[in-house]
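Summary of the model geometry
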Amino acid sequence: MTIDETVALLRRNDNILILTHKRPDGDTVGCAASLCAALRAQGKTAWVQENPEATDLFTPYLAAYLAPEDVTVDFVVSVDIAGRGLFTERGKRWLERGVDLAIDHHPSYEGFGAESCVDASRAACGELLYDILRQLGPITPEIALPLYVAVSTDTGCFEYGNTTPGTHRVAAALMEAGIDYQSANKRHFRTKSYKRLRLESMLVEGMHLYQNGKVAIAAITLADMATLQATERDAEDIAAFVGQLEGVETSVTIRELRPGFCKLSVRTSGGLNASKVCALLGGGGHAAASGCEISGSVEDAGKVILHAIETIQGG
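Residues numbered from 1 in each chain as written. Predicted model: local features only at pLDDT ≥ 70, side-chain atom pairs only at ≥ 80, totals over all residues. Heavy atoms only, no water.

Things to note about the overall build of the chain
Rules: Under the DSSP-based scheme used, a helix requires at least four consecutive residues in state H or I and a strand at least two consecutive residues in state E, with every element numbered from the N terminus. Note on classification: 1.4 Å probe, protein chains only; a residue is buried when its accessible area is under 20% of the maximum for its type, exposed when over 50%, partly exposed between these limits. Contact definition: two residues touch when any of their heavy atoms are within 4.5 Å. To measure how exposed things are, a 1.4 Å probe is used in the Shrake-Rupley method; for residues, cover is taken only from the protein chains shown.
Helix and strand content of the chain: twelve helices and eleven strands. Looking at the chain as a whole, 53% of its 315 residues are labelled buried. Nonlocal contacts in the chain, meaning residues at least 24 apart in sequence, comprise 65% of its contacts between residues at least 6 apart. In the structure as shown, the chain presents an accessible area of about 14,100 Å², 49% of it carried by carbon and sulfur atoms.

Details of the pattern of salt bridges
Keep this limit in mind: A pairing counts as a salt bridge when a side-chain nitrogen of Lys or Arg comes within 4 Å of a carboxyl oxygen of Asp or Glu.
The final tally for this structure, using the stated rule, is 14 salt bridges. The shortest N-O distance in the salt bridge between E293 and K22 comes to 3.7 Å. You can see E293 sitting in strand 11 (residues 289–295) and its partner K22 sitting in the loop between strand 1 (16–19) and helix 2 (26–41), a full 271 residues away along the chain. A relative accessible area of 29% means that E293 is categorised as partly exposed. The shortest N-O distance in the salt bridge between E293 and R23 comes to 2.5 Å. Taken together, the positions of E293 in strand 11 and R23 in the loop between strand 1 and helix 2 put the pair 270 residues apart, joining distant regions of the chain. Taken together, the shared-partner salt bridges connect D119, R122, D131 and R134 into one network.

Focus: helix 5 (residues 125–136)
The test is simple: To estimate the expected span of a helix, subtract one from its residue number and multiply by 1.5 Å.
With twelve residues, helix 5 extends 16 Å from end C-alpha to end C-alpha; this agrees with the ideal 16 Å at 1.5 Å per step. Taking burial as the measure, the twelve residues of helix 5 include ten buried ones, the bulk of the element. If you check which residues of helix 5 are buried, you get C125, G126, E127, L128, L129, Y130, D131, I132, L133 and L136.

Focus: the sheet that holds strand 8 (residues 250–258)
Our working definition: Paired strands are those between which DSSP finds at least two bridges.
Strand order across the open sheet formed by six strands is 6-7-8-9-11-10, with mixed pairing between neighbours. Edge positions in the sheet fall to strand 6 (208–210) and strand 10 (284–285), since each of these pairs with one other strand and no more. Here strand 6 pairs with strand 7 (residues 215–220) via three bridges, running antiparallel. Across the sheet, L209 pairs through a bridge with A216, a residue of strand 7.

Observations regarding the side chain of E236
Definition in use: A positive count includes Lys and Arg, and a negative count includes Asp and Glu. His and the chain ends are not counted in either.
Among the structural elements, E236 can be located in the loop between helix 10 (222–228) and strand 8. R233 provides the closest opposite charge to the buried, unpaired E236, separated from it by 6.5 Å. Setting aside anything within four residues of it in sequence, one finds E236 in contact with P24, D25, T55, L57, F58 and R196.

Considerations on the pairing of strand 9 (residues 261–268)
Across the eight residues that make up strand 9, a large majority, six, are buried. Bridge count between strand 8 and strand 9: eight bridges; the pairing is antiparallel. Considered in strand 9, the bridge of E256 is made with C262. Note: strand 9 against strand 11, seven bridges, orientation antiparallel. Of the residues in strand 11, the one forming a bridge with K263 is E293.

Describing the layout of surface pockets
A water-sized probe, rolled over the atoms, reveals where empty space remains. To keep things clear, this is the line we draw: Put simply, the grid is 1 Å and covers the protein atoms alone, a cavity is a trapped set of points that fit a 1.4 Å probe, a pocket is an open set with protein on both sides within 12 Å along at least five of seven lines, and lining residues have an atom within 4 Å of a point. Grid points are joined across faces, edges and corners, and a volume is the space filled by probe spheres set on the points.
Size it by volume and the second largest pocket reaches roughly 240 Å³. Along its surface, the second largest pocket is lined by 13 residues, and G206, H208, I217, A219 and V298 are the ones closest to its centre. Counting residues per element, the ones that place at least two in the lining of the second largest pocket are strand 6, strand 7 and helix 12 (298–313). Broken down by element, the lining of the second largest pocket gets its largest block of residues, four residues, from helix 12.

A word on the packing of aromatic side chains
Each aromatic ring pair is described using two quantities: the centre-to-centre distance and the angle formed by the ring planes. Selection criterion: Working definition: rings of Phe, Tyr and Trp (its six-membered ring) pair if their centres are within 6.5 Å, and the pair is stacked with planes under 30 degrees apart, edge-to-face with planes over 60 apart, and tilted otherwise. Two conditions define a charge located above a ring, namely a distance within 6 Å from the ring centre to NZ of Lys or CZ of Arg, and an angle within 35 degrees of the ring normal.
A full pass over the atoms with the stated rule returns four aromatic pairs. When the centroid spacing of 5.1 Å and the interplanar angle of 65° are considered together, the rings of Y109 and F112 count as edge-to-face. Each member of the pair, Y109 as well as F112, is classed as buried. Here the aromatic rings of Y148 and Y181 are separated by 6.4 Å at their centres, their planes lie at 50°, and the arrangement is tilted. Separated by 33 residues along the polypeptide, Y148 in helix 6 (residues 141–154) and Y181 in helix 8 (residues 181–189) bring together distant segments of the chain. According to the relative accessible area criterion, Y148 is buried, its value standing at 2%. Feature note: the residues F87, Y109 and F112 constitute an aromatic cluster, connected by ring pairs. Taking the ring centre of W47 as reference, the NZ or CZ of R40 above it sits at 5.0 Å. One residue, R258, lies across the ring of F261, its end atom 4.1 Å from the ring centre.

Structure representation (structure tokens):
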């Protein structure tokens, strides 16, 4: 659907539930909160499905919008969800019922929505949603702040290679809405817990370099998390850390989620398509940032992802 068609669809419907993806980041949370605020500003009944995996870094943006346990709705919207495997346990109930509208920016979007508004050229789903919401009604500070968080976090505070001139124009417009973007930037980009710094230290200590230092693979195990008594809040967006090493063009961060099961985040800057690498393992995402999940040990995951990287490099 075009943006105009998406706006018209939202205007025609009411009693709306918004879904976020599992292990939620700033983009999915910010989009959900801003969309819910915008719909309520239009006099509609709108809720966000609670996501138990959300950390307290992001839950304040959702607090006013969470759906009651017994909610019944007429229209379901997903934001920043590319595939069926990314729905939360609670979200799967609504996936089975049918998602009426999917709003996304991933080239790996699976087309599960009855209607879809997808633009893979956008740096963040929040960037696409901004164009939708500004046609739906005025962009108030209540709408603009979580939307700014969505755009800024998915671009690494506008440092990642996905950032475009259009991204900056959206950010500028949101800043002009009168939000406290200074506090948001400090909260999300310039504040780290002591445990987070220790986790980063462990990543460096256990890092393996390949291809003359162009490929880096590092892992956080369950034992690491337990040793530090670290939480998901401490590990938020840690996948961006390994790629900061000078000379690294492809970085992989392995998170052991439970014994025998790992989540892998791949980041690239040297031309390798991360989405193609992860697609070999059942995952997906963007050309420069993608992910997948692997059954096996951390050691197994490292071998498998290195082989996938070499396979794509070899054509």
